[in-house]
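Structural features, examined
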Amino acid sequence: MSVDPFTSPGRWLVVTGSGAQHLLDSRDLDGPVTVTRVSGGGQPGPDLRFADLRRDGAALRVLAVEHRDPEWGLVAGIAVGADMYLTLEPLAVDATVTVRRTTPVRTITACPDAVRLTGEQVHHD
């Protein structure tokens, strides 16, 4: 499965090999795409650990989201089995952008509006 939140409106819960969960929100394609990284619920794969990152739990503006295709190189969107590359708003005062690379994506799930975040947990109402 693959999805490009810049061309597909919706909310997407992406779980990576480390157990990190990323909620991408692109319900309004005229507005910014955002991502919120949370820790609850995912289990790290073998030889992986979950790391705390700056501004975990906060919605961050996404400037680009890509994955590496073996044939084409970096391409737009997220794909199961591939690392996700997020280009984000600057998270440091002296930065132009922030780039984060995840471990391979395990699942991508479309999320209804009933999915919400509290602290570092994903809740399904």
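Note that this is a predicted model, so its numbers are computed, not measured.

With that settled, the discussion passes to the overall build of the protein chain. Assigned secondary structure in the protein chain consists of zero helices and 11 strands. Among the 125 residues that make up the protein chain, the fraction classed as buried is 42%. Taking contacts inside the protein chain between residues at least 6 apart in sequence as the whole, the part at least 24 apart equals 49%.

With that settled, the discussion passes to the pattern of salt bridges. In this structure the tally under the stated criterion is two salt bridges. Asp25 is the partner of Arg27 in a salt bridge, and the nearest nitrogen-oxygen pair spans 2.5 Å. Residue class for Arg27 comes out partly exposed when judged on its relative accessible area of 44%.

Judged by side-chain polarity, Leu63, Val97 and Val99 come together as a nonpolar surface patch covering roughly 240 Å² of accessible area. Examined against the element boundaries, Val99 turns out to sit in strand S9 (residues 98-110). Given a relative accessible area of 56%, Val99 falls into the exposed group.

As a further point, take the nonpolar core. Counting residues in hydrophobic clusters, the biggest one holds 16 residues, and the most contacted among them are Leu24, Ile78, Met84 and Leu86. Mapped by element, the contributors of at least two residues to this core are strand S2 (11-16), strand S4 (33-38), strand S5 (60-69), strand S8 (83-88) and S9. Beyond its immediate sequence surroundings of up to four residues, Leu86 is in contact with His22, Leu24, Val35, Val62, Ala64, Val65, Thr98, Val99 and Arg100.

Time to look at the confidence of the model for the protein chain. Put simply, the protein chain has an average pLDDT of 81, and 75% of its residues get 70 or more. Here residues 48-53 is a poorly scored stretch, pLDDT under 50, and it has 18 contacts once near neighbours within four places are set aside; other chains count.

Quick look at the environment of Arg106 now. Within the secondary structure, Arg106 is located in strand S9. Sequence spacing of Arg106 and Gly19 is 87 residues, and the spatial spacing of their C-alpha atoms is 8.9 Å.

So, about the environment of Val105. Mapped onto the elements, Val105 comes out in strand S9. Judged by its relative accessible area of 3%, Val105 is buried. Residues Val105 and Val14 lie 91 residues apart in sequence; the distance between their C-alpha atoms is 6.8 Å.

Right, let's talk about the pairing of S2 for a bit. For S2, the tally of buried residues reaches six of six residues, placing the bulk of the element in the interior. Residues of S2 alternate between two faces, with Arg11, Leu13 and Val15 on one and Trp12, Val14 and Thr16 on the opposite face, all of them buried. When S2 meets strand S3 (residues 21-25), the two strands line up antiparallel, connected through five bridges. Residue pairing in the sheet places Leu13 in a bridge with Leu23 of S3. In this sheet, S9 lies alongside S2 in antiparallel orientation, the contact comprising five bridges.

Tracing the chain through its elements places His67 in strand S5. A distance of 3.0 Å separates the side chain of His67 from the backbone oxygen of Gly77, its partner in a polar contact. Apart from the residues within four sequence positions on either side, His67 is in contact with Gly73, Leu74, Val75, Ala76, Gly77, Ile78, Ala79, Ala82, Asp83 and Tyr85.

Cut-off values and rules
- Residues numbered from 1 in each chain as written.
- Predicted model: local features only at pLDDT ≥ 70, side-chain atom pairs only at ≥ 80, totals over all residues.
- Heavy atoms only, no water.
- Helix = DSSP H or I, 4+ residues; strand = E, 2+ residues; numbered from the N terminus.
- Buried < 20%, exposed > 50% of the residue type's maximum accessible area, 1.4 Å probe, protein only.
- Contact = heavy atoms within 4.5 Å.
- Salt bridge = Lys/Arg side-chain N within 4 Å of Asp/Glu carboxyl O.
- Patch = residues over 30% accessible without salt bridge, like charges linked within 9 Å, V, L, I, M, F, W, Y side chains within 5 Å.
- Areas by Shrake-Rupley, 256 points an atom, 1.4 Å probe, with all protein chains shown as cover.
- Core = buried A, V, L, I, M, F, W, Y, C linked by side-chain atoms within 4.5 Å.
- pLDDT = per-residue confidence, 0-100.
- Pairing = 2+ DSSP bridges.
- Polar contact = N/O pair within 3.5 Å; in protein donor to acceptor, adjacent residues only side chain to side chain.

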